[in-house]
Amino acid sequence: MPWPLYLALKQLFPTGRRFPFFTFMSGLGVAVGVALLHVATSIMGGFGHEIRRMIVDTQGEIQVVSRANIQNPAEIMAQVRAIEGVAGVTPVVRGVVMVMHRNVPAYPMIQGVDLATVGEVFHLQRYLVRGSLDDLDDDSVILSTKLAIELGASVGSQLEVYTPLIIDRMGRDEVLLPRVVRVAGLLQIGHDQLDRSTIITTLRTMQELYGSGDSVQALNVRLAPGVDEFEMVRKINPVLPWEMRAQTWFETNADFQSIVKFEKYMVFFLLTFIVIVAALSIMSSLLISVVRKTREIGLVGALGARGLHVAVCFCTQGFVLGLVGTGLGLALGQAVLHFRADIVRVVAGLTVGEDVFQQFYQFVDLPSHTLASDVVIIAIGSVLASTLAGVLPAWRAARLKPVEALRHE
Amino acid sequence: MSEPILQARALVKTYPSGDRRIEVLRGVDFAVGAGESVSIRGESGCGKSTLLHLLAGLDTPDTGDLLWDGEPRVTPERRARFLGMVFQAYYLIPELDARQNVLMAARIAGRLDAAARARAEDLLRRVGLAERAHHLPAHLSGGERQRVALARALVNRPRIILADEPTGNLDEATGNAVMDLLLDLCAQEQVALVLVTHNKEHAARTARQATLHLGKLQIP
Ligand SMILES: Nc1ncnc2c1ncn2[C@@H]1O[C@H](COP(=O)(O)OP(=O)(O)OP(=O)(O)O)[C@@H](O)[C@H]1O
Ligand SMILES: [Mg+2]
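The sections below set out a description of the structure shown in this document. Just so it is clear, the model here is predicted, and its values are computed rather than measured. (Residues numbered from 1 in each chain as written. Chains lettered and ligands numbered in written order. Predicted model: local features only at pLDDT ≥ 70, side-chain atom pairs only at ≥ 80, totals over all residues. Heavy atoms only, no water.)

So, the packing of helix 1 (residues 3-12) of chain A against helix 3 (residues 98-108) of chain B
Alright, step 1. With their axes 10 Å apart at the nearest point, helix 1 of chain A and helix 3 of chain B run at an angle of 150 degrees to one another. One finds that helix 1 of chain A runs roughly antiparallel with respect to helix 3 of chain B. From helix 1 of chain A, Trp3(A), Tyr6(A), Leu7(A) and Lys10(A) reach across to helix 3 of chain B, where they touch Gln100(B), Met104(B), Arg107(B) and Ile108(B). (Axes fitted to C-alpha atoms, helices over the stretch in contact; angles between N-to-C directions. Helix = DSSP H or I, 4+ residues; strand = E, 2+ residues; numbered from the N terminus. Parallel < 35°, antiparallel > 145°, perpendicular 65-115°, else oblique. Contact = heavy atoms within 4.5 Å.)

Brief notes about the interface of chain B and chain A
When the parts of a complex come together, some accessible area is lost, and that lost area is often taken as the interface size.
Alright, step 1. The partner chain A presents 23 residues to the 28 residues of chain B that form the contact.
Alright, step 2. In this assembly, chain B packs against chain A so that about 2400 Å² is buried in total across both faces, 63% of it on carbon and sulfur atoms.
Alright, step 3. The three residues of chain B that bury the most area against chain A are Tyr91(B), Glu95(B) and Ile108(B), which together make up 28% of that side's buried surface.
Alright, step 4. Taken together, the links from chain B to chain A amount to 2 salt bridges.
Alright, step 5. Residues Glu77(B) and Arg306(A) are paired through a salt bridge, measuring 2.7 Å at the closest nitrogen-oxygen approach. (Buried area = accessible area lost by both parts, 1.4 Å probe. Salt bridge = Lys/Arg side-chain N within 4 Å of Asp/Glu carboxyl O.)

So, the site of ligand 1
Alright, step 1. Inspection of the region around ligand 1 gives Arg407(A), Tyr15(B), Val24(B), Ser44(B), Gly45(B), Cys46(B), Gly47(B), Lys48(B), Ser49(B), Thr50(B), Glu165(B) and His198(B) as its neighbouring residues.
Alright, step 2. Lying at an intersection of chains, ligand 1 is approached by residues of chains A and B.
Alright, step 3. With respect to ligand 1, the side chain of Ser49(B) contributes an N or O atom lying 2.7 Å from an oxygen atom.
Alright, step 4. Contact between ligand 1 and His198(B): an oxygen atom at 3.3 Å from a side-chain N or O atom of the residue. (Near = heavy atom within 4 Å. Polar contact = N/O pair within 3.5 Å; in protein donor to acceptor, adjacent residues only side chain to side chain.)

Remarks on the pattern of salt bridges
Residues and elements named next belong to chain A.
Alright, step 1. Under the counting rule described, the total for this entry stands at 26 salt bridges over all chains.
Alright, step 2. A salt bridge links Glu251 to Arg245, with the shortest nitrogen-to-oxygen separation between them at 3.3 Å.
Alright, step 3. Assessed through its relative accessible area of 39%, Glu251 is described here as partly exposed.
Alright, step 4. A residue is classified by how much of its surface remains accessible, and Arg245, at 38% relative accessible area, is partly exposed. (Buried < 20%, exposed > 50% of the residue type's maximum accessible area, 1.4 Å probe, protein only.)

Some points on unusual backbone geometry
Alright, step 1. Unusually for a residue other than glycine, Ala10(B) sits at a positive phi of about 50 degrees.
Alright, step 2. On the secondary structure map, Ala10(B) appears in strand 1 (residues 4-17).

Examining helix 6 (residues 172-189) of chain B
Residue and element names in this part refer to chain B.
Alright, step 1. Look at helix 6: 25 Å from first C-alpha to last across 18 residues, which is about the 26 Å you get at 1.5 Å a residue.
Alright, step 2. When helix 6 is considered as a whole, its buried residues turn out to be Gly175, Val178, Met179, Leu181, Leu182, Leu183, Leu185 and Cys186.
Alright, step 3. Where helix 6 is buried, its residues touch helix 4 (114-126), helix 5 (142-154), strand 6 (160-164), strand 7 (192-196) and helix 7 (200-204).
Alright, step 4. For helix 6, the N-terminal capping position is held by Asp171, with its side-chain oxygen 3.2 Å away from the main-chain nitrogen of Ala173. (Expected span 1.5 Å × (residues − 1).)

Here's the deal with the packing of aromatic side chains
Alright, step 1. Tallying each qualifying case throughout the model produces 6 aromatic pairs over all chains.
Alright, step 2. Above the face of the Tyr6(A) ring, Arg107(B) is positioned so that its terminal group lies 3.3 Å from the ring centre. (Phe/Tyr/Trp six-rings, centres within 6.5 Å; stacked < 30°, edge-to-face > 60°. Lys NZ or Arg CZ within 6 Å of the ring centre and 35° of its normal.)

Comments concerning the sheet that holds strand 1 of chain B
Residues and elements named next belong to chain B.
Alright, step 1. Pairing is antiparallel in the open sheet, where 3 strands are placed in the order 2-1-4. Strand pairing shows two members of the sheet lacking a second neighbour, strand 2 (20-33) and strand 4 (63-68), which therefore form its edges. For this sheet, the mean angle separating the axes of adjacent strands, direction not counted, is 20 degrees.
Alright, step 2. With 11 bridges connecting them, strand 1 and strand 2 associate as antiparallel partners. Bridge assignment links Pro16 to a residue of strand 2, and that residue is Arg21.
Alright, step 3. Contacts from helix 1 (residues 48-55) reach strand 1, strand 2 and strand 4 within the one sheet, and its direction differs from that of strand 1 by about 125 degrees. (Pairing = 2+ DSSP bridges.)

This is a description of form; function is not addressed.
Rendered as structure tokens:
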């Protein structure tokens, strides 16, 4: 081993010392910074991933949208279904309604599902916590759990549904009575906002409530596993009439996605400063070390060392401290992520309370999704910053003349 | 005197002092033959350490020449093999044990091999520290530290040892013992020695005695 590396390692991990306290303390700053970056990006990634999962689970990977309503859904569905790589297609009609249960009103999003095909795309059954999908018919609805709580309704309750069509008819002096429906089941998606404001009914009921005849707003498309969604968009588009267009779930929910991405970059950007501060602390401890070890720097000069070798010795120390700190930090971050549920419970319990926390962050469990590329960027960045932090001390050490160093008191 | 292995001619060294320069060395001529020992005495501040640093090539004279083995090339690489140094304050590396400190000189000289390791063991034995090879400097006495430094100075089989008050930090008995060792080892290894000391008795034990006075070296 070249002697500058040997000496650097020995100064960090001295012979006969079981616990290298100085090295540990110098690396600690980097470790904390790296751990925070790792945890924060993983959790932000988890939010993004969870949102993706939720969107894709409920809407499929691809949506066929149209400028106007789709008048001939069966025909288009058949054409799309015939394309290789498409596993299922189901039509969608969405709208807002007012529901009343014993004088308690709510204004949820209502979605009409085609009972014959919805299972191809949206595994409703998986999200049902009460009741059964078999009980859903043209006179019943499925409520999301928190909406049910808000309304004080449960399986078997009767609700009144008011639609914009009532107002439309009122303009023509016609009176349309609200539709009375029965609650057939309760559904929980795991996203707070959706769980507060979703009603599902049959496609036919929805078309009647909105007076939209046989037309639908869009088609949700489920792809076979492993099929690339962007490639499928290119395959589907040619079979569609000119007023229709296929787009990925990402495009359909672009606003949502870009906010999540932006938040992640912001967090990354802000936490990067912690790593920079940690690197500066490595720099200052190495500068102190250069002063403390002045006489030894003189000594190695007397033994025949060149300034460049002395510089390599100190740069190596920055590099190794970065490596040790990054390793510790990733391990610490991994541990925090592993026990995140318990940590959140304790922190939330101590501060605002679990339900407030959940309401704010939309998810029941704190999600985590670690991208290998994020970890690589964090690791390379922090090791690089620490190595650069060693450059100034190394330069100072290399510039010391052996005679002056030897005379140093 | 046999062919000199280290030769200095007309060394002049000045240091700036305010707007003037003080002349510490005013033309020093000096030569040491192979295996020869020379002591240098002089009052404090007369420039003994300055001279030794110039001879070691650690500092450059204002004017004058320095030859190692008849060659004017003074590089760190040559220094590592040509000479060994011993200092008053030992200068051991605190993170390394005694044996690692000795081997550090071999590492820097680019000669860390089985032979160097064997030589380090041998030298530690000869300075009486075979049992202490794995002790850190902090756990060694002053005399023991200086003996480690002697072993380190000799590990690369240098042609000459430059010692700057090697017993300056030691009590009399310990200092005498270290001096015995230094002289014995140099004699056994046929290594030349330049010894800077304040101690008359120690100076008397070298083959030649020089004094540095008013920037000139007087050699009888
Ligand atoms: N870097 C420097 N700048 C200015 N003056 C210096 C410098 N180094 C040494 N001197 C001066 O040069 C003179 C000789 O110093 P040197 O250390 O060589 O003396 P010395 O003979 O070894 O003394 P001592 O016996 O106390 O060790 C002293 O007056 C000292 O102040
Ligand atoms: Mg001196």
